[in-house]
Amino acid sequence: MGAVLKALTTDIVQFNMDMATLPRKIQIWASLFPLPQFIFGTICAFQHGPSSVGALFLWARIESFIVAAQIQKRRPFTKLMGPLMHIPFYFLVPYAVDWLYHTPKPINSQNRIQYSFVAYTSFITTISLLSDTRVLVKLMMGKDVGTYKHVDKKTE
């Protein structure tokens with residue numbers, strides 16, 4: 001177990017270093033999108049429990065980074081990375097939207113954090129999933145989905 005965890009950690013660190021070589025707009029999106037999921041997902045996990053809807057975004061994000069790191073090792077910068085790493089979110093977003101619909105607007109600040117986080121993350125994740133869907137449609141039409149434009153010419 002220890003060796004597997006070390007290997008996964010190494011792969012995730014390498015994945016993040018590789019992401020830092022992409023164009024600035026991709027770096028910004030790739031930072032602003034998951035960062036709140038790590039921060040507020042952790043807060044929700046501690047405040048509301050590890051199975052709370054807010055914490056589920058944290059677990060999905062961790063899983064997606066593990067998947068992305070493995071994809072990056074095998075097919076660097078493929079545009080299929082987004083659709084494949086976001087598979088957990090295809091199930092989580094409808095669940096989160098249903099949770100938002102059936103949960104009364106919170107009064108106290110502790111519940112407001114989770115409610116606002118889930119609303120924000122569901123919205124942002126939906127935008128990303130729509131972009132992923134575009135890539136999947138292109139793939140289903142038999143077209144090459146390509147790779148993200150890489151700054152380092154040695155890896156092209």
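In this report, we go over the structure that sits alongside the text. (Residues numbered from 1 in each chain as written. Predicted model: local features only at pLDDT ≥ 70, side-chain atom pairs only at ≥ 80, totals over all residues. Heavy atoms only, no water.)

**Examining the overall build of the protein**
Under the convention used in this document: The secondary structure listing takes helices from DSSP runs of H or I that are at least 4 residues long and strands from runs of E that are at least 2 residues long, numbered from the N terminus. For the exposure calls, accessible area comes from a 1.4 Å probe over protein chains only, and a residue counts as buried if that area is under 20% of its type's maximum, exposed if over 50%, partly exposed in between. Any pair of residues with heavy atoms lying within 4.5 Å of one another is described as a contacting pair. For accessible areas, the Shrake-Rupley method is used with a probe of radius 1.4 Å. Any residue's cover is judged against the shown protein chains and nothing else. Charged residues are defined here as Lys and Arg on the positive side and Asp and Glu on the negative side; His and the ends of the chain fall outside this count. Every charge is mapped to an atom, namely NZ of Lys, CZ of Arg, CG of Asp or CD of Glu.
Each helix and strand in the protein was counted, giving seven helices and zero strands. Considering only C-alpha atoms, the protein reaches an extent of 55 × 40 × 30 Å along its principal axes. When the 156 residues of the protein are sorted by exposure, 38% land in the buried category. Intrachain contacts of the protein at a sequence separation of at least 6 include 71% that bridge at least 24 residues. Surface summary for the protein: the accessible area is close to 9,600 Å², and the carbon and sulfur share equals 69%. Side chains of the protein carry 16 positive and 8 negative charges; the gap between the two charge centres is 5 Å.

**Notes on the packing of helix 4 (residues 53-74) against helix 6 (residues 87-102)**
Stated precisely, the cut-off is as follows: Interaxial angles span 0 to 180 degrees and are taken between N-to-C directions of axes, which are lines fitted to C-alpha atoms, for helices over the stretch in contact. An angle counts as roughly parallel when it lies under 35 degrees, as roughly antiparallel when it exceeds 145, as roughly perpendicular when it falls between 65 and 115, and as oblique in every other case. In this classification, Asp, Glu, Lys and Arg are treated as charged, Ala, Val, Leu, Ile, Met, Phe, Trp, Tyr, Cys and Pro as nonpolar, and every other residue, Gly included, as polar.
As a packed pair, helix 4 and helix 6 sit with axes 10 Å apart at the nearest point and diverge in direction by 170°. With respect to helix 6, the axis of helix 4 lies roughly antiparallel. On helix 6, the residues that touch Val-53, Leu-56, Phe-57, Ala-60, Arg-61, Glu-63 and Ser-64 of helix 4 are Pro-88, Phe-89, Leu-92, Tyr-95, Ala-96 and Trp-99. Across the contact of helix 4 with helix 6, the residue classes break down as 10 nonpolar, one polar and two charged.

**Some details on the layout of surface pockets**
Space left empty within the atom packing is revealed by a probe, the size of a water molecule, rolled over the atoms. Keep this limit in mind: A 1.4 Å probe that fits into a set of points on a 1 Å grid over the protein atoms alone but cannot get out defines a cavity; an open set with protein on both sides within 12 Å along at least five of seven lines defines a pocket, and lining residues are those with an atom within 4 Å of a point. Grid points are joined across faces, edges and corners, and a volume is the space filled by probe spheres set on the points.
Estimated volume of the largest pocket: approximately 790 Å³. Lining the largest pocket are 31 residues; nearest its centre among them are Met-19, Ile-26, Trp-29, Ala-30 and Tyr-148. Those elements that place two or more of their residues in the lining of the largest pocket are helix 1 (2-19), helix 2 (24-32), helix 4, helix 5 (81-85) and helix 7 (109-140). Here the lining of the largest pocket is composed, by residue class, of 17 nonpolar, eight polar and six charged.

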